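Structural characterization, general
Listed below are the residues making up each chain.
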Amino acid sequence: MSLTSCDFVRTIAGRPTSGELAEKSELIEQRRMRQADSLQKLESERIIRENFLRDSLAAAAVLKPLGIDFSYSFSFGEPVDGKLCRYNAVVGVYRTKGAADRALSHLRSKGCKPGRIFFSGGEMAVLLCSSDSLSEVVTTLMKARAAGGICPKDTWIYITPLD
């Protein structure tokens with residue numbers, strides 16, 4: 001191992017060499033980067049929680065006076081669909097494919113463009129409509145209720161939780 005004159009003096013004095021100092025400096029920088037990443041992740045999670053709370057309050061302020069129930073979770077499992085819209089008007093949840101298909105056919109016969117959400121427990125939710133705009137889903141739901149016979153009175157809105 002070749003030592004520079006400074007490294008030779010440091011070695012004799014029992015001090016770290018320039019290579020050891022460089023390694024230590026790299027370890028300190030890596031630790032600092034991990035801490036910065038950790039702080040950034042905590043800040044991101046805080047912002048997500050604040051947005052979720054703000055979104056919940058806004059949804060409640062809009063939906064409750066209209067008599068529309070809403071939920072951020074299902075009691076029978078997580079959705080297994082790849083990409084869900086933020087707001088989904090749920091007409092019903094079915095255990096059998098036949099029942100879900102009948103509900104879909106009924107909605108199609110009334111001129112709607114229904115959809116489905118599949119869940120890890122095997123259930124299927126039939127959707128009157130889906131959108132990333134709450135006002136669009138509420139408008140469609142209110143029109144369907146006014147027309148009568150399109151969707152049940154207990155149709156509710158599933159709000160996909162923020163990631």
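The text that follows walks through the structure, step by step, so that each part is easy to find. Please read all numbers here as calculations on a predicted model, not as lab measurements. (Residues numbered from 1 in each chain as written. Predicted model: local features only at pLDDT ≥ 70, side-chain atom pairs only at ≥ 80, totals over all residues. Heavy atoms only, no water.)

**A closer look at the environment of Leu63**
For Leu63, the location among the structural elements is in helix H2 (residues 18-66). As for Leu63 and Ser135, which are separated by 72 residues in sequence, their C-alpha atoms are 9.9 Å apart. With residues near it in sequence (within four places) discarded, Leu63 still touches Ile68, Phe70, Leu134, Val138 and Ile157. (Helix = DSSP H or I, 4+ residues; strand = E, 2+ residues; numbered from the N terminus. Contact = heavy atoms within 4.5 Å.)

**Topic: the sheet that holds strand S2 (residues 87-94)**
Taking strand neighbours across the sheet as the criterion, the five strands line up as S1-S5-S2-S4-S3 in an open arrangement whose pairing is mixed. The sheet is open, and its two borders are formed by strand S1 (70-71) and strand S3 (115-118), each paired with just one other strand. Note that S1 and strand S5 (residues 156-159) share two bridges and pair parallel. Counted as the bridge partner of Ser71 is Tyr158 from S5. Against the sheet, helix H3 (residues 97-109) touches S2, S3 and strand S4 (124-131), its axis set at about 30 degrees to S4. (Pairing = 2+ DSSP bridges. Axes fitted to C-alpha atoms, helices over the stretch in contact; angles between N-to-C directions.)

**Examining the packing of aromatic side chains**
Here the structure, examined in full by the defined rule, presents zero aromatic pairs. The cationic tip of Arg86 hangs over the ring face of Tyr87; the distance from NZ or CZ to the ring centre is 5.7 Å. (Phe/Tyr/Trp six-rings, centres within 6.5 Å; stacked < 30°, edge-to-face > 60°. Lys NZ or Arg CZ within 6 Å of the ring centre and 35° of its normal.)

**Structural notes on the state of the cysteines**
By the definition in use, this model includes zero disulfides. The structure places no disulfide on Cys112, whose sulfur is separated from the nearest cysteine sulfur, that of Cys151, by 7.7 Å. Note on Cys112: relative accessible area 17%, which makes it buried. Its relative accessible area of 11% is what places Cys151 among the buried residues. (Disulfide = S-S within 2.5 Å. Buried < 20%, exposed > 50% of the residue type's maximum accessible area, 1.4 Å probe, protein only.)

In short, the description is geometric, and any link to function would need to be established separately.
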